[in-house]
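Report on the structure
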Amino acid sequence: MTETSGKSASGETAATVFRPRKSSWKYIGPGIVVAATGVGAGDLVATLIAGSSFGYTLLWAAVIGCLVKISLAEAAGRWHLSTGRTLFDGWASLGRWTTYFFVVYVVVWGFVYGAAAMSSSALPLQALFPGVMDLEWWGIACGLVGLVFVWFNKYEVFEKVMTVLVGVMFLVTVYLAIRVTPNLPDAFAGLLPVLPDEKDSVLNTLGLIGGVGGTITLAAYGYWVNAKGWTDTGWMKVMRLDNRVAYVTTGIFVIAMLFVGAELLHSAQVAIASGDKGLLQLSDLLAAEYGTATAKFFLIGFFATSFTSLIGVWHGVSLMFADFVAHYRGGPARGEEVASGRRDKSWAFRAYLLWLTFPPIVLLFQGQPFRLVILYGVLGAAFLPFLALTLLRLLNSSRTPREWRNGLLSNAMLVIAGVLFLILCAKQVWDQPWSEFF
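Now for a quick tour of the structure. This one's a predicted model, so the numbers in the text were calculated from it and none came from an experiment.

**A closer look at the overall build of the chain**
Helices and strands together make up the secondary structure of the chain, namely 19 helices and zero strands. In terms of overall dimensions, the chain has C-alpha extents of about 65 × 50 × 45 Å along its principal axes. The buried share of the chain, reckoned over its 438 residues, is 55%. For the chain, restricting intrachain contacts to residue pairs at least 6 apart in sequence, the fraction spanning at least 24 positions comes to 84%. Positive and negative side-chain charges of the chain, numbering 31 and 26 respectively, have mean locations separated by a distance of 11 Å.

Below you can see the structure in the form of structure tokens.
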């Protein structure tokens, strides 16, 4: 075992750095969790619509989207491992404005997302078991199951369950992609960066790139890395392999659904609705084309996709909230605190779990308040540029040990991510009906 010592940005002695672990498949875990959480029903629908509208033309954009998210998740993981500090601790060092943004974000976003996640998980269950319960009660059941599961289980159990559900997602999406018999020459041609010859094709392309694989879950990746027990730079190679596995997996999901959209929808000129209900329409189309068994198999995959996003957010964002509260109360915001399990057994972790579960139930029955939905959309769009630009600042400063600061490639990818998400955020803000807001 080798040790190095030095001073951190805060003046404390740096954590012991252990002998680097070999990047081995047996350690893979947080990457599977972030892939499962980041790919929700909305991502699959967006990819289906891209395939139905443009065929294979935007396949290259889906691949670039995965590369952009790899850079963001790697940067978050590298911050946690190289400094021993959590991401919120890094944000807090940039000024109070980051705290204000984070608090407003997790309160408003969590309230609306809780209802959306429960509803998304309920839709395939209602379709699989028609007449058993109304959609709202299926949603409440999913929320309560997610609450109990995350409340009483440690990270190790959480990761294993997520891995099983990812396996279901993988089998379903790959099976569908093979079942529709993709046109492989056209698919390979779609890897060439060509824009569709249609109105708003640039914004549609940017939207597909930006929509691949998660928002706040990219920030949660560093917390899951720590929860796995990885707290020092000896795990850096392992983390990078794990992160690549995450976005290769994400890429397979997205490309498979683009194949389905291109072959099943584009060739027949069939349009589906945006949002989760588009997947129910796809289920009906699959039943008509390939039989009821294929449609039910798809609905099982639809549920796995939605429910992994639910429990992933219930766990990951609650960890981040617990870390914020600990930092606010003057406690240590360090990776060891997350690895020890103190965060996911804290009252703040459980309080945010309750916030994600019970207040959103009101929205299931009453509909989502108009103004709250607008704020939710804007805050959600603003989070990724916030993440990209703050990581750019943190990983190019003395807050990060020199050896682990950004290189040219990392900086280029974070700049591209920041610019891309700023454009998408501006479009989201512009598209909101602000005249009706006031």
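What follows picks up the thread again.
**A short note on the nonpolar core**
Counting residues in each nonpolar core, the largest one holds 135 residues, and the members touching the most others are L72, L87, W91, I311, W314, F383 and L387. Among the elements that make up this core, the one with the highest residue count is helix α13 (residues 292-328) (17 residues). The residues touching F383, leaving out its near neighbours within four places in the chain, are W91, F101, Y105, T215, I216 and A219. Within the second largest apolar cluster, eight residues are counted, among which are L59, A177, A187 and L258.

**So, the packing of helix α9 (residues 201-210) against helix α18 (residues 408-431)**
For any two helices packed against each other, the geometry comes down to the angle between their axes and how far apart the axes lie. α18 packs onto α9 with a crossing angle of 115° between their chain directions and a minimal axis gap of 10 Å. Every pair of crossing elements has a handedness; the one defined by α9 and α18 is left-handed. When α9 is examined against α18, the residues L203, L206, G207, I209 and G210 are found in contact with a partner set consisting of L420, F421, I423, L424 and K427. Across the contact of α9 with α18, the residue classes tally to seven nonpolar, two polar and one charged.

**A word on the environment of Y352**
Tracing the sequence through the fold places Y352 in helix α15 (residues 347-357). Once the C-alpha coordinates of Y352 and Q428 are considered, the two residues, 76 residues apart in sequence, prove to be 27 Å apart. Setting aside residues no more than four positions away along its own chain, Y352 makes contact with V106, W109, G110, V317, S318 and F321. A polar contact of 2.7 Å, which involves the side chain of Y352, links it to the backbone oxygen of V106.

**Here's the deal with the side chain of T390**
On the secondary structure map, T390 appears in helix α17 (residues 370-394). The class of T390 is buried, set by a relative accessible area of 4%. Looking at T390, its side chain comes within polar contact range of the side chain of W91, at 3.1 Å. Engagement of the side chain of T390 in a polar contact is seen with the backbone oxygen of L387, the distance being 3.1 Å.

Calculation criteria
Residues numbered from 1 in each chain as written. Predicted model: local features only at pLDDT ≥ 70, side-chain atom pairs only at ≥ 80, totals over all residues. Heavy atoms only, no water. Helix = DSSP H or I, 4+ residues; strand = E, 2+ residues; numbered from the N terminus. Buried < 20%, exposed > 50% of the residue type's maximum accessible area, 1.4 Å probe, protein only. Contact = heavy atoms within 4.5 Å. Lys, Arg positive; Asp, Glu negative; His and termini not counted. Charge placed at Lys NZ, Arg CZ, Asp CG, Glu CD. Core = buried A, V, L, I, M, F, W, Y, C linked by side-chain atoms within 4.5 Å. Axes fitted to C-alpha atoms, helices over the stretch in contact; angles between N-to-C directions. Left-handed = near helix turned anticlockwise from the far one by under 90°. Nonpolar A, V, L, I, M, F, W, Y, C, P; charged D, E, K, R; others polar. Polar contact = N/O pair within 3.5 Å; in protein donor to acceptor, adjacent residues only side chain to side chain.

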